[in-house]
Amino acid sequence: MSVALRTLDDGAWISVNDTREVSVSELWRFPGGNFCSCDLSDVVVEGFVETGVDGRTVEVRAYGQCIACGAKATTDWLPVGRVVDGEFRDVDRESVLCPQVAPAATAAAHR
Ligand SMILES: [Zn+2]
């Protein structure tokens, strides 16, 4: 099944199959050292740079700023949700996100 992914409003929204699903201004938390030099990076998402689908996993690269140290950067590819039976389902983005997709999750996505 193909998934129609678009960014809208200059990267402020991600549209999945013509429905706005993910917006900026979320607070994403990353383990230290990946985004900036903080032990735990609290990043306000300011824009989506790229979107893609890996199997059924919807991934994005996002631009944002760490609210602790002010560093601005673009993330690596991050899973933000999955498409199951044509419907978008969020992942829990308020817990700690790992910029690298875990091998187990990748294997499941390709099954
Ligand atoms: Zn920081």
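Conventions and cut-offs
- Residues numbered from 1 in each chain as written.
- Predicted model: local features only at pLDDT ≥ 70, side-chain atom pairs only at ≥ 80, totals over all residues.
- Heavy atoms only, no water.
- pLDDT = per-residue confidence, 0-100.
- Helix = DSSP H or I, 4+ residues; strand = E, 2+ residues; numbered from the N terminus.
- Buried < 20%, exposed > 50% of the residue type's maximum accessible area, 1.4 Å probe, protein only.
- Polar contact = N/O pair within 3.5 Å; in protein donor to acceptor, adjacent residues only side chain to side chain.
- Contact = heavy atoms within 4.5 Å.
- Donors = N, O, S within 2.8 Å, 3.2 Å for Na, K, Ca; no water.
- Tetrahedral: all angles 85-135°; square planar, octahedral: opposite > 155°, others 65-115°.
- Pairing = 2+ DSSP bridges.
- Axes fitted to C-alpha atoms, helices over the stretch in contact; angles between N-to-C directions.
- Core = buried A, V, L, I, M, F, W, Y, C linked by side-chain atoms within 4.5 Å.
- Phe/Tyr/Trp six-rings, centres within 6.5 Å; stacked < 30°, edge-to-face > 60°.

Engineer: What is the right way to read the confidence of the model for the chain from this model?
Structural biologist: Detailed conclusions should not be drawn from predicted coordinates in areas where pLDDT is low. Of the residues in the chain, 82% have a pLDDT of 70 or more, and the chain-wide mean is 83. At the level of individual helices and strands, the chain shows its lowest average pLDDT in helix 1 (residues 103–109), which scores 45, and its highest in strand 7 (residues 72–74), which scores 95.

Engineer: Mind showing me how you'd approach the side chain of serine 15 here?
Structural biologist: Within the element layout of this structure, serine 15 appears in strand 2 (residues 13–16). By relative accessible area, which is 1% here, serine 15 ends up buried. In this structure the side chain of serine 15 is engaged in a polar contact, spanning 3.4 Å, whose partner is the backbone nitrogen of aspartate 18. Sequence-distant contacts of serine 15, that is, excluding residues within four places in its chain, are made with Ala4, Leu5, Arg6, Leu8 and Arg20.

Engineer: When you look at the coordination of the zinc ion in this model, what are you seeing that I'm missing?
Structural biologist: Angles at a metal have ideal values that depend on geometry: 109.5 degrees with four tetrahedral donors, 90 or 180 degrees with six octahedral donors. On the protein side, the zinc ion has Cys36 (SG), Cys38 (SG), Cys66 (SG) and Cys69 (SG) as donor atoms, found 2.3 to 2.4 Å from it. Each of the 4 donor atoms bound to the zinc ion contributes to angles spanning 108 to 112 degrees, and the resulting shape is tetrahedral. Along the chain, the residues that donate to the zinc ion are spaced as C-x1-C-x27-C-x2-C. Of this pair, cysteine 38 sits in the loop between strand 4 (27–31) and strand 5 (40–54) while cysteine 66 sits in strand 6 (residues 57–66), and the two are 28 residues apart along the sequence. Each member of the pair, cysteine 38 as well as cysteine 66, carries the same accessibility label: buried.

Engineer: Where do I start with the sheet that holds strand 1 (residues 5–8) in this structure?
Structural biologist: An order of 1-2-3 is seen for the 3 strands of this open sheet, with the pairing classed as antiparallel. Where the open sheet ends on each side, the last strands, each with one partner, are strand 1 and strand 3 (19–23). Averaged over neighbouring strand pairs, the angle between their axes works out to 35 degrees when direction is ignored. Relative to strand 2, strand 1 is paired through 4 bridges, and the arrangement is antiparallel. Pairing of threonine 7 across the sheet is with isoleucine 14, part of strand 2.

Engineer: Looking at this structure, how should I read the pairing of strand 3?
Structural biologist: Moving residue by residue along a regular strand, the side chains alternate between the two faces of the sheet. Here strand 2 pairs with strand 3 via 4 bridges, running antiparallel. Each residue of the ladder has a partner; that of isoleucine 14, found in strand 3, is valine 22. In this antiparallel pair of consecutive strands, strand 2 and strand 3, the connection spans 2 residues, and asparagine 17 shows a positive phi of 50 degrees.

Engineer: What am I meant to see in the nonpolar core here?
Structural biologist: As a rule of thumb, nonpolar side chains are buried together in soluble globular proteins. Core analysis: the largest hydrophobic core is formed by 22 residues, its most contacted members being Ile14, Trp28, Phe48 and Val80. Secondary structure elements with two or more residues in this core: strand 2, strand 4, strand 5, strand 6 and strand 8 (78–84). By residue number, the principal contributor to this core is strand 6, which donates 4 residues. Excluding residues within four positions of it along the chain, isoleucine 14 makes contact with Leu5, Arg6, Thr19, Arg20, Glu21, Val22, Phe48, Thr51 and Val60.

Engineer: Would you mind going over the packing of aromatic side chains with me for this structure?
Structural biologist: The description of an aromatic ring pair rests on the distance of the ring centres and on the angle between the ring planes. Using the criterion set out here, one finds 3 aromatic pairs in the structure. Centre to centre, the rings of tryptophan 28 and phenylalanine 48 are 6.3 Å apart; their planes meet at 45 degrees, and the pair counts as tilted. Of this pair, tryptophan 28 sits in strand 4 while phenylalanine 48 sits in strand 5; the two residues are 20 residues apart in sequence, bridging distant segments of the chain. Residues tryptophan 28 and phenylalanine 48 agree in their burial class; the two are buried.

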